[in-house]
Amino acid sequence: RLGQGQISGVSADSAWKVSIGRFDATVAVMDTGIRWNNSGLRKRVRLNERELPRPQNAARVILNNPSDTLFNGYDVNGDGAFNVEDYASDPRVNKNAGPDGITGVIDGQDILKTFSDGIDDDNNGYIDDIAGWDFFEDDNDASDTTSYSAAGAHGTGRMTDAAEEGNDGSGEIGVCPRCSVMPMRVWDTFVSPADSWAEATIYAADYRVDTGVVATVAALGVLQNTTAAKEANSYAARKGIALMQVSSDLNTANHNYPTNYNESTYINGCVADTHGLSSEFFEAPNGLGNGGVPPQTWFRNSGLTQFGAKANVCFVAVTGSQATGQAGGAAALLQSRGLELAGTIGGRLTSNEVKQLLNMTAEDVLPENTVGLGVPDRAQVGFDEQFGYGRAHLGQAIRRIAPNRIPPETQINTPAWWSIVDPGVAPTGRTMTVRGFARARRAAACTYKLEYGLGIEPTLYTQFASGVCPNGEDAVLGSLSLDPLALLIPGSRTRSFTQSPAQRANPNQHTFTVR
């Protein structure tokens, strides 16, 4: 509320006091590709040294940095990154070789145009994959040439959200300003076939296990829910990649794929109550809201994002796409800190640990927080559909990356999300088996409990199982008896499709949640 200490963002500035990221923490952005002429991304694009010759100086002497262990000596200027700057004096590079790049300035497209030789030097099946890949046209130039006007620069926007250069006198700054990005053009727009996205996800997961992709941004929707897409999502998570995926941009509660998969982190956007008071998208730079009206709350669900029972956290953004780009930078920032402390915390962070860090440190949005201009969004203590576990708080999240402070990992695999469970027409002793994993890999042992609650955002839960954390990715965690549950949900055993107006107004009347 105005005058009561409410802050407007996700506390990235607080997180930057701990870390601003590292170049070997790469965000793969699966979208419409990159506008190579974006100056804020010029030095942030990850180059693949396995497909490139070593840089040379102006005298054509081959350069090598023996102290560079991250990029095999290719970081010849010693700034901790292998990017276009390492070829700045290389006489072989034509600074205008890339037709879509920055005139007279070396950029990623200049590098790939100069050194593409038709040979798959790293033997991964992608010839000359020097700076990402175009899965739409199946070539090595991920330049954004979309034919759909509304999608133009959509991928570039997500890259700048995640990792735009800072302190350069231009544009803004990404959430992880020292991280790198990998442009991946999966289609001609931000709605793609599922298997095109799946191929890109597998490519990212296999890029470099040691110093490679640590997070992906999928600010898109796919047209199908395929086996390949589902397995690709799971494969990337097992490889340690944090999967930041968009709620979508439709102010509805419908399910968007790939976001609906178990391993995904569901991201939506929250805005100030003054958003929409004028034609401007964003709040004015003087701190006033749209139309010069001071914001009274920063906790409103954007009308260009989605909500629902699978929501995780919100970032401050007008669209779900913008929020997801920021989340990709946030995930890479947390992964960077994990890499910095890997020797003291027992190894780099896993995909699920990044998800739990964001969930458990989020700023819970309470009913009183949303009061302001217009109609407040519904909120409650703990999880709710509008804001998930709350607004991301990166300052708190990054400080949880320390010995004995990283949260355990959990995931329910089955029953599948939104499954229909039949209790039978009479008490029969039917049960529902819950499978998944619960583990604390940084502790000697752990225990867990399973609970159920009525509805899709319960405020009251009942425990029905517990145990010692098992081994495996798909262990039996417990069994829920359906007979007592059916008694708590009126009409569970009715085989009638006739509903009263009141029943039709509540489509979730027979829903229950397991956690």
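Residues numbered from 1 in each chain as written. Predicted model: local features only at pLDDT ≥ 70, side-chain atom pairs only at ≥ 80, totals over all residues. Heavy atoms only, no water.

*Asks:* Which parts of the structure should I look at to understand the sheet that holds strand β13 (residues 447-454)?
*Replies:* The strands that make up a sheet are held in pairs by hydrogen bonds between backbone atoms, and each pair lies either parallel or antiparallel. Here 3 strands make up an open sheet; going across it, the order is β14-β13-β16 and the pairing antiparallel. Edge strands, defined here as strands with exactly one partner in the open sheet, are β14 (462-468) and β16 (512-514). The mean inter-strand angle of the sheet, taken between neighbouring strand axes irrespective of direction, is 15°. Here β13 pairs with β14 via 6 bridges, running antiparallel. The partner of E451 across the bridge, within β14, is Q463. (Pairing = 2+ DSSP bridges. Helix = DSSP H or I, 4+ residues; strand = E, 2+ residues; numbered from the N terminus. Axes fitted to C-alpha atoms, helices over the stretch in contact; angles between N-to-C directions.)

*Asks:* It is not clear to me how the packing of aromatic side chains should be interpreted in this structure. Could you clarify?
*Replies:* The description of an aromatic ring pair uses the distance of the two centres, along with the angle that the planes make with each other. The full count for this structure, using the stated rule, is 15 aromatic pairs. When the ring of F136 is compared with that of W187, the centres are 4.8 Å apart and the planes differ by 70°; the resulting orientation is edge-to-face. Of this pair, F136 sits in the loop between β2 (133-134) and α3 (154-163) while W187 sits in the loop between β3 (180-185) and β4 (191-192), and the two are 51 residues apart along the sequence. Their ring planes at 35° and their centres at 6.1 Å tell us that W417 and W418 sit as a pair that is tilted. A relative accessible area of 46% means that W418 is categorised as partly exposed. Aromatic rings pair up to connect Y126, W133, F135, Y203 and Y207 into one cluster. The aromatic ring of Y207 is capped on one face by R50, whose charged end is 5.1 Å from the ring centroid. In this structure, K310 packs its charged tip against the face of W417, placed 4.2 Å from the ring centre. (Phe/Tyr/Trp six-rings, centres within 6.5 Å; stacked < 30°, edge-to-face > 60°. Buried < 20%, exposed > 50% of the residue type's maximum accessible area, 1.4 Å probe, protein only. Lys NZ or Arg CZ within 6 Å of the ring centre and 35° of its normal.)

*Asks:* I would appreciate a short explanation of the side chain of D129 in the present structure.
*Replies:* With respect to the element layout, D129 can be found in the loop between α2 (108-115) and β2. An unpaired buried charge is present at D129: no salt bridge exists, and R50, the closest side chain of opposite charge, is 5.6 Å distant. If sequence neighbours within four positions are ignored, D129 has contacts with N48, E51, D122, N124, N140 and Y203. (Lys, Arg positive; Asp, Glu negative; His and termini not counted. Salt bridge = Lys/Arg side-chain N within 4 Å of Asp/Glu carboxyl O. Contact = heavy atoms within 4.5 Å.)

*Asks:* Would you explain helix α8 (residues 351-361) in this entry?
*Replies:* In terms of burial, α8 is largely enclosed, as 10 of its 11 residues are buried. Within α8, burial applies to S351, N352, E353, V354, K355, Q356, L357, L358, N359 and T361.

*Asks:* So what exactly am I meant to see when it comes to the packing of helix α6 (residues 320-340) against α8 here?
*Replies:* When two helices pack together, their arrangement is given by the angle between the helix axes and by the axis-to-axis distance. Running from amino to carboxyl end, α6 crosses α8 at an angle of 110°, the nearest separation of the two axes being 10 Å. Taken together, the axes of α6 and α8 are roughly perpendicular relative to one another. Of the two elements, α6 crosses α8, and the hand of that crossing is right-handed. Facing A331, L334 and Q335 of α6, the residues of α8 in contact are V354, L357 and L358. The residue inventory of the contact of α6 with α8, partitioned by class, reads 5 nonpolar, 1 polar and no charged. (Parallel < 35°, antiparallel > 145°, perpendicular 65-115°, else oblique. Left-handed = near helix turned anticlockwise from the far one by under 90°. Nonpolar A, V, L, I, M, F, W, Y, C, P; charged D, E, K, R; others polar.)

*Asks:* It is not clear to me how unusual backbone geometry should be interpreted in this structure. Could you clarify?
*Replies:* Trans peptide bonds make up most of the peptide bonds, and negative phi angles are found at most residues other than glycine. Residue P258 is reached from Y257 by a cis peptide bond, and omega for that bond is 15°. Within the secondary structure, P258 sits in the loop between β7 (242-246) and β8 (265-271). Following T414, the chain continues to P415 via a peptide bond in cis, the omega torsion being 5°. Considering the arrangement of structural elements, one finds P415 in the loop between β11 (409-414) and β12 (431-439).

*Asks:* What is the right way to look at the sheet that holds strand β15 (residues 475-481) in this model?
*Replies:* Strand order in the open sheet formed by 3 strands is β11-β12-β15, and the pairing between neighbours is antiparallel. In this open sheet, the two strands that pair with only one neighbour each are β11 and β15. Direction aside, neighbouring strands of the sheet carry axes that sit 35° apart on average. Examined bridge by bridge, β12 and β15 share 6 bridges and lie antiparallel to one another. Residue R435 lies in a different strand from β15, and its bridge partner there is V476. With respect to the sheet, α8 is in contact with β11 and β12, its orientation differing from that of β11 by roughly 105°.

*Asks:* Sorry, what's going on with the state of the cysteines here?
*Replies:* Two cysteines, two sulfur atoms, one covalent bond between them: this is a disulfide. This model, assessed by the stated rule, comprises 3 disulfides. There is a disulfide in this structure between C176 and C179, and the S-S distance comes to 2.0 Å. Disulfide C176-C179: the torsion about the S-S bond is 45°, which places it as right-handed. Exposure remark for C176: the relative accessible area of 0% places this residue in the buried category. Disulfide partners in the protein chain, listed by the sequence order of the bonded cysteines, are 1-2, 3-4, 5-6. (Disulfide = S-S within 2.5 Å.)

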